[in-house]
Amino acid sequence: MTMMSLSHPNCSRHSSLPISAALPKSKSELLTETDATILCFQETKERIKKMFDKTELSVSAYDTAWVAMVSSPNSRQAPCFPECVNWLLDNQLSDGSWGLPPHHPLLVKDALSSTLACLLALKRWGLGEQQMTKGLQFIESNFTSINDEEQHAPIGFNIIFPGMIETAMDMNLNLPLRWEDINVMLHNRDLELRRNNFEGREAYLAYVSEGMGKLQDWEMVMKYQRKNGSLFNSPSTTAAALSHLGNAGCYHYIHSLVAKFGNAGSNINIALLCMIYHICMIALLLFIVEFPLIFSVPTVYPSDKYALLCMIGSLERLGIDRHFSKEIRDVLEETYRCWLQGDEEIFSDADTCAMAFRILRVHGYEVSSDPLTQYAEHHFSHSFGGHLKDFGTALELFKASQFVIFPEESGLEKQMSWTNQFLTQEFSNGTTRADRFSKYFSIEVHDTLKFPFHANVERLAHRRNIEHHHVDNTRIFKTSYCFSNISNADFLQLAVEDFNSCQSIHHEELKHLERWVVESRLDRLKFARQKMAYCYFSAAGTSFSPELSDARISWAKNSVLTTVVDDFFDIGGSEEELANLVHLLENRWDANGSPHYCSEQVEIIFSALRNTICEIRDKALAWQGRSVTHHVIEIWLDLLKSMLREAEWARNKVVPTLDEYVENGYVSMALGPIVLPVVYLIGPKVSEEVVRSPEFHNLFKLMSTCGRLINDTRTFKREYEDGKLNFVLLHMIHSGSGTTEEEAVEKIRGLIADGRRELLRLVLQEKDSVVPRACKDLFWKMVQVLHLFYMDGDGFSSPNMMLNAVNDLIREPISL
């Protein structure tokens, strides 16, 4: 469904022209600033949509050189792929090197490796004397970087580069190097080759075969040949095997690769070529004689599935994936089809396999976690990636492990726990793999560990990812390369504009809600915590799209009201007032006449509560086409009665059982009035049967129980001093003497993890589910908010953390 092309010489995308330059002046003058912004936004979206149709991967001079060195099966004196030789002749850089321009200052070894490989190819066929002279000068000028440990080395550099030096000497290539330096390199290479105890050795040595030459065990190497004929999907490794063995599978792979990327990176004007074709076939033939075919290859192929999954991941991380729903769904449908067919491109690469598993499962596809078993700690440590200490792969596996959630996967979940330990330990030591020379990768690892999926509030994550997004997507295997589809300036531009646009809406909604607090007289309740900004933050952080304004307002108002009611039942209300409030909600909702309020406090609370329920009623009617008033009142009554029961326990010094406490406590956690009405305001039609279904109740109970237990583990000490019931204390009481606070907390954390895992399973489950996915997501998003809220204690009592979060989400725009 997608095409792949090579991008040369630079794979970065150029911004579009200013609108004033793109339109006639008269039209440009008519555009308002808003019109121009909208048009630019749409143009950026269209450019990104086109990226789904074609994966652009940079040219690899290094791999093209190794393909160019393969001799023809008919004559050892002629190249099998002369088009690649032509590319080398035509694409030397101005400084005499070959590779991706411009050279990253820490990738001089990469440029040296690519340049030497190109020189070997030209020397092999006795071509390009001028290019060879300039290339040798580049090597002489930059050779000191070989011993610079600050420079990042391509994979296998310490074996491949000395091996190419040795080949150059055999070919009488006059290298401008000292014998002493050459002997040191060859000696160090031999020492590394004699090491017999490092893990993943065999696969690693097979991967760097082109640097081994006559020292290679080619029979061992061919064990790694894939169905497509390649070795590790690496053109250079496969070309080396083809040169030594003449293997038919290797030839088929290289031939198909060269055919696929024909003319990639050449400077031929394609439009001119097409025009000539239509004018005259004879002219076309003359043109081809004058301009020979120029072919090049990438450093890894195939990789379009990997690139497209990375693209989806980038769009989701930046919070702009909703603009490309159709394109993403098409990619996922194709990926799922390939997954079911056991596609080698997915399952032979750990990064692709882990990403495919995670993204497919997040989107509700039924995929087995069995393929991940090959990346359990023991298998990984003895693999090629384990030998390289591949942090990128470990990070992808760690992300995937957070979605190993089914009961039958418990063993695999434990086996994958090594990824967390691996990343934590290595990065705490300041260790990084050579190709991860960008600080942005370290930031991503830090954020992923600090904010795992269950504690990653969506919109805050988007902001962090936008601020840390790096448009230079250079990566390195045996040479540097980049995909324009993965990290892209258009992604960043769209994400910033989208975030700031949504934020301006959120800012206005917050001001509206602050006025509502005053108009409802809630600010007169001195006992109540005034935390409107925090309450709205949790709404905007989870339902941020402009069209979800009704959902955010409902979430935020009910968050404020549940906080007020909680404080009222805890400290602000008398026994009479509590009973009066419950009675009013239960019996005076539709009654005529003036209701009896035993105090002004009750009047303020009930009036605000009633007005909010009526507002939800009216908005839900527009979304659902039916009345939901009875259900919303029922939700609030359940909460008030559960709080009343806890107040009675405290007044009468009752110590409930753990089951009694949890059965009441998950309701008194007060998440019902916040989350449940919102299911009516986010789009899908939700029938009475759905909200009364066991699935819906389980989602609510799991979410609320997790919230109750998280709250209790974080607020235990304060509530104990205040004489309040708490699950930690009850667990210590009912478990008998000898149970410590630490043991009780650890036990409860296990219960939280189990409940959270089951909740995520229900959210992701598509088969036999009656609750729309958009509604199920609300329950999970609340759990994410709670984990963040209680990350460093109680968010209400940790003002700095929450204030920073509120500012990031609502008040401070992102600037490029």
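Draft legend 1. Region of the structure containing the overall build of the protein chain. A tally of helices and strands in the protein chain yields 40 helices and six strands. In the protein chain, buried positions account for 55% of the 816 residues. Long-range contacts, defined as pairs at least 24 residues apart, comprise 74% of the intrachain contacts of the protein chain with a sequence gap of at least 6. Carbon and sulfur atoms make up 51% of the accessible area of the protein chain, which amounts to about 35,700 Å² in all.

Draft legend 2. Representation of the packing of helix H4 (residues 61-68) against helix H5 (residues 82-90) within the structure. At their nearest, the axes of H4 and H5 sit 8 Å apart, and the two run at 135 degrees to each other. Taken as axis vectors, H4 and H5 run oblique relative to one another. Crossing angle aside, the handedness with which H4 passes H5 is left-handed. Taken together, the residues of H5 that come into contact with H4 (itself represented by Ala61, Thr64, Ala65, Val67 and Ala68) are Cys84, Val85, Trp87 and Leu88. Residue composition of the contact of H4 with H5, by class: eight nonpolar, one polar and no charged.

Draft legend 3. Geometry of the pattern of salt bridges. Under the criterion given, the structure shown has 45 salt bridges. With a closest N to O distance of 3.2 Å, Glu413 and Arg757 form a salt bridge. Of this pair, Glu413 sits in helix H23 (residues 410-415) while Arg757 sits in helix H38 (residues 741-764), and the two are 344 residues apart along the sequence. With a shortest N-O distance of 2.6 Å, Glu615 and Lys557 are connected by a salt bridge. One end of the pair, Glu615, is in helix H31 (residues 600-624); the other, Lys557, is in helix H29 (residues 549-572), and 58 residues separate them in sequence. Relative accessible area serves as the criterion here: at 4%, Lys557 is assigned to the buried category. A single salt-bridge network, built from bridges that share partners, covers Asp550, Lys557, Glu615 and Lys619.

Draft legend 4. A look at the nonpolar core. Among the nonpolar cores identified, the biggest contains 257 residues, and Phe161, Phe537, Phe569 and Leu585 are the most heavily contacted of them. Phe161 has contacts with Leu112, Ser113, Leu116, Phe143, Ile146 and Met185, leaving out every residue within four places of it along the chain.

Draft legend 5. Structural context of helix H17 (residues 325-340). For H17, built from 16 residues, the straight-helix expectation of 22 Å at 1.5 Å per residue is met to within 8% by its first-to-last C-alpha distance of 22 Å. Trailing H17 by a residue or two, Gly342 shows a phi angle of about 70 degrees, which is positive.

Draft legend 6. Expanded view of the environment of Ser559. Within the secondary structure, Ser559 sits in helix H29. Counting along the chain gives 25 residues from Ser559 to Tyr534, while the straight-line C-alpha distance between them is 9.1 Å. Setting aside its immediate chain neighbours within four residues, Ser559 contacts Cys535, Ser538 and Ile674.

Draft legend 7. Layout of H4. Across the eight residues of H4, eight count as buried, placing the element largely inside the fold. The complete set of buried residues in H4 reads Ala61, Tyr62, Asp63, Thr64, Ala65, Trp66, Val67 and Ala68.

Draft legend 8. Molecular detail of the side chain of Lys399. Looking at the element boundaries, Lys399 is found in helix H22 (residues 391-401). Here Lys399 is in contact with Arg317, Arg358, Glu444 and Thr448, once residues within four sequence places are set aside.

The rules we used
Residues numbered from 1 in each chain as written. Predicted model: local features only at pLDDT ≥ 70, side-chain atom pairs only at ≥ 80, totals over all residues. Heavy atoms only, no water. Helix = DSSP H or I, 4+ residues; strand = E, 2+ residues; numbered from the N terminus. Buried < 20%, exposed > 50% of the residue type's maximum accessible area, 1.4 Å probe, protein only. Contact = heavy atoms within 4.5 Å. Areas by Shrake-Rupley, 256 points an atom, 1.4 Å probe, with all protein chains shown as cover. Axes fitted to C-alpha atoms, helices over the stretch in contact; angles between N-to-C directions. Parallel < 35°, antiparallel > 145°, perpendicular 65-115°, else oblique. Left-handed = near helix turned anticlockwise from the far one by under 90°. Nonpolar A, V, L, I, M, F, W, Y, C, P; charged D, E, K, R; others polar. Salt bridge = Lys/Arg side-chain N within 4 Å of Asp/Glu carboxyl O. Core = buried A, V, L, I, M, F, W, Y, C linked by side-chain atoms within 4.5 Å. Expected span 1.5 Å × (residues − 1).

The values reported here are purely geometric and, on their own, carry no functional implication.
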